[in-house]
Amino acid sequence: MRISIFHGVHDLSAALARDLVDRLHRTPALILGLPTGRTPLHFYRCLVTLSTEGHADFSRATTFNLDEFLGVAPEQAGSYQQYMERHFFRHINIDRRQIHFLNGAAPSADAECARYEADIAAAGGIDLQVLGIGANGHIGFNEPGEHLAARTHRVILRPETRRANAAPFGGDPNNVPTEALSMGMATILQARSIALMATGAEKAECVAEMTRGPLTTRLPASFLQLHPDVHVMLDEAAARRIR
Ligand code: F6R
């Protein structure tokens, strides 16, 4: 794992945005895997600025978002699709047909997960997967537990994950769906490159375990140690246990 430590979320986000845009220059038809959450907000802002200033052309890029809440329709407030529209997609020149989401309101969750895997494979796999990390060590919504799923699947969210995602659901964790659809561990690990962003002291413990600890289903992000090209990008607070 390559680890970079930045002064704060602004430097970190700017560095990752520049890296992504460099890749886009080299490979205009770049296939991206994208996260939601609080951590990447400034990263998306940086990408929008680069795009608005004419430094980034997304017209040939393809995106796959990592996860979506089960039972939440794409147009519903709180869906990750709404988040991505608001913070990123509506501000850039991406071809709408190249934006891919899991549909949390699909009639069959299993069929929806299979469809997503097939779409990723048909696109040729993900070039750069951007990740955040939950304070409990989840990536995507691959929650800690006895086992992990390899492929895109339906997952039961842990209470701490529902608490962390309460904001778009009126601030009440009880309003956060109990289940989600998420890319699986193999889906993520098959990306050709991975960049993981982590900021804030509440991530320090799991970041240290992820980089130095054993591979364990109790900390799904630890499996990133198996990947040959992972860039872990941290602010000083998230890095303080690995200094
Ligand atoms: C969301 C996702 C999650 C988040 C993680 C961290 O699409 O994949 O794994 O990256 O829950 O969330 P924040 O950034 O809000 O701390």
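Residues numbered from 1 in each chain as written. Predicted model: local features only at pLDDT ≥ 70, side-chain atom pairs only at ≥ 80, totals over all residues. Heavy atoms only, no water.

## Looking at the site of the ligand
Working step 1: Lining the immediate surroundings of the ligand are 13 residues, of which Thr39, Asp67, His138, Gly140 and Lys203 lie closest.
Working step 2: Within the side chain of Lys203, one N or O atom sits 2.7 Å away from an oxygen atom of the ligand.
Working step 3: Per-class residue counts for the shell around the ligand are three nonpolar, seven polar and three charged. (Near = heavy atom within 4 Å. Polar contact = N/O pair within 3.5 Å; in protein donor to acceptor, adjacent residues only side chain to side chain. Nonpolar A, V, L, I, M, F, W, Y, C, P; charged D, E, K, R; others polar.)

## Brief notes about the packing of aromatic side chains
In this description, an aromatic ring pair is defined by two values, namely the gap between the centres and the angle between the planes.
Working step 1: Taken as a whole and assessed by the stated rule, the structure comprises 12 aromatic pairs.
Working step 2: Look at Phe69 and Phe141: their rings are 5.7 Å apart centre to centre, the planes differ by 45°, and that puts the pair in the tilted class. Residue Phe69 is located in strand E4 (residues 67-69), and its partner Phe141 is located in the loop between strand E6 (128-131) and strand E7 (153-156); the two are separated by 72 residues in the primary sequence. Of the two residues, Phe69 and Phe141, both sit in the buried class.
Working step 3: Their ring planes at 70° and their centres at 6.5 Å tell us that Tyr80 and Tyr83 sit as a pair that is edge-to-face. (Phe/Tyr/Trp six-rings, centres within 6.5 Å; stacked < 30°, edge-to-face > 60°. Helix = DSSP H or I, 4+ residues; strand = E, 2+ residues; numbered from the N terminus. Buried < 20%, exposed > 50% of the residue type's maximum accessible area, 1.4 Å probe, protein only.)

## Re the environment of Val9
Working step 1: Along the chain, Val9 falls in helix H1 (residues 9-26).
Working step 2: In sequence terms Val9 and Ala105 are 96 residues apart; their C-alpha atoms lie 33 Å from each other.

## Points about the nonpolar core
Working step 1: Grouped together as the largest cluster of nonpolar side chains are 35 residues, with contacts concentrated most on Leu131, Ile139, Met183, Leu196, Met210, Leu224 and Leu234.
Working step 2: The set of elements that each furnish at least two residues to this core consists of helix H4 (109-123), helix H6 (185-189), strand E9 (193-198), helix H7 (204-212) and strand E10 (230-235).
Working step 3: What Leu196 contacts, discounting residues up to four positions off in sequence, is Leu131, Gly132, Ile133, Ile139, Met210, Leu224, His231, Val232 and Met233.
Working step 4: Judged by nonpolar contacts, the second largest core, of 33 residues, contains Phe6, Leu24, Phe89 and Ile99. (Core = buried A, V, L, I, M, F, W, Y, C linked by side-chain atoms within 4.5 Å. Contact = heavy atoms within 4.5 Å.)

## Looking at the environment of Leu224
Working step 1: Relative to the helices and strands, Leu224 is located in the loop between H7 and E10.
Working step 2: What makes Leu224 buried here is its relative accessible area of 0%.
Working step 3: Separated by 35 residues in sequence, Leu224 and Leu189 have C-alpha atoms that sit 7.0 Å apart.
Working step 4: When neighbours within four sequence positions are excluded, Leu224 is seen to be in contact with Met1, Leu131, Ile139, Leu189, Ile194, Leu196, Met210 and Val230.

## So, the sheet that holds strand E2 (residues 31-34)
Working step 1: Here seven strands make up an open sheet; going across it, the order is E1-E10-E9-E6-E2-E3-E5 and the pairing parallel. Bordering the open sheet on either side are strand E1 (2-6) and strand E5 (99-100), each of which pairs with just one other strand.
Working step 2: Here E2 runs beside E6; their pairing, made up of two bridges, is parallel. Of the residues in E6, the one forming a bridge with Leu32 is Leu128. (Pairing = 2+ DSSP bridges.)

## Points about the pattern of salt bridges
Working step 1: What the rule picks out here adds up to 11 salt bridges.
Working step 2: For Asp119, the salt bridge is made with Arg115, and the minimal N-O distance between the two is 2.7 Å. Highlighted residues: Asp119 and Arg115, both in helix H4, separated by four residues, approximately one helical turn.
Working step 3: On the accessibility criterion, Arg115 (31% relative accessible area) is partly exposed.
Working step 4: Linking Arg158 and Glu160 is a salt bridge whose minimum nitrogen-to-oxygen distance equals 2.8 Å. (Salt bridge = Lys/Arg side-chain N within 4 Å of Asp/Glu carboxyl O.)

## Some thoughts on the pairing of E6
Working step 1: Every second residue of E6 is oriented toward a common face, with Leu128 and Val130 on one face and Gln129 and Leu131 on the other, all of them buried.
Working step 2: Where E6 and E9 come together, four bridges link them in parallel fashion. The residue of E9 that forms the bridge with Leu131 is Leu196.

## Some remarks on the side chain of Asn136
Working step 1: Note on placement: Asn136 falls in the loop between E6 and E7.
Working step 2: Of the polar contacts made by the side chain of Asn136, one reaches the side chain of Glu143; its length is 3.1 Å.
Working step 3: Polar contacts involving the side chain of Asn136 include one to the side chain of Glu160, which spans 3.0 Å.
Working step 4: Once residues lying within four places of it in the same chain are set aside, the contact partners of Asn136 are Glu143, Pro144, Arg158, Glu160, Thr161 and Arg218.

Keep in mind these numbers describe shape, not what the thing actually does.
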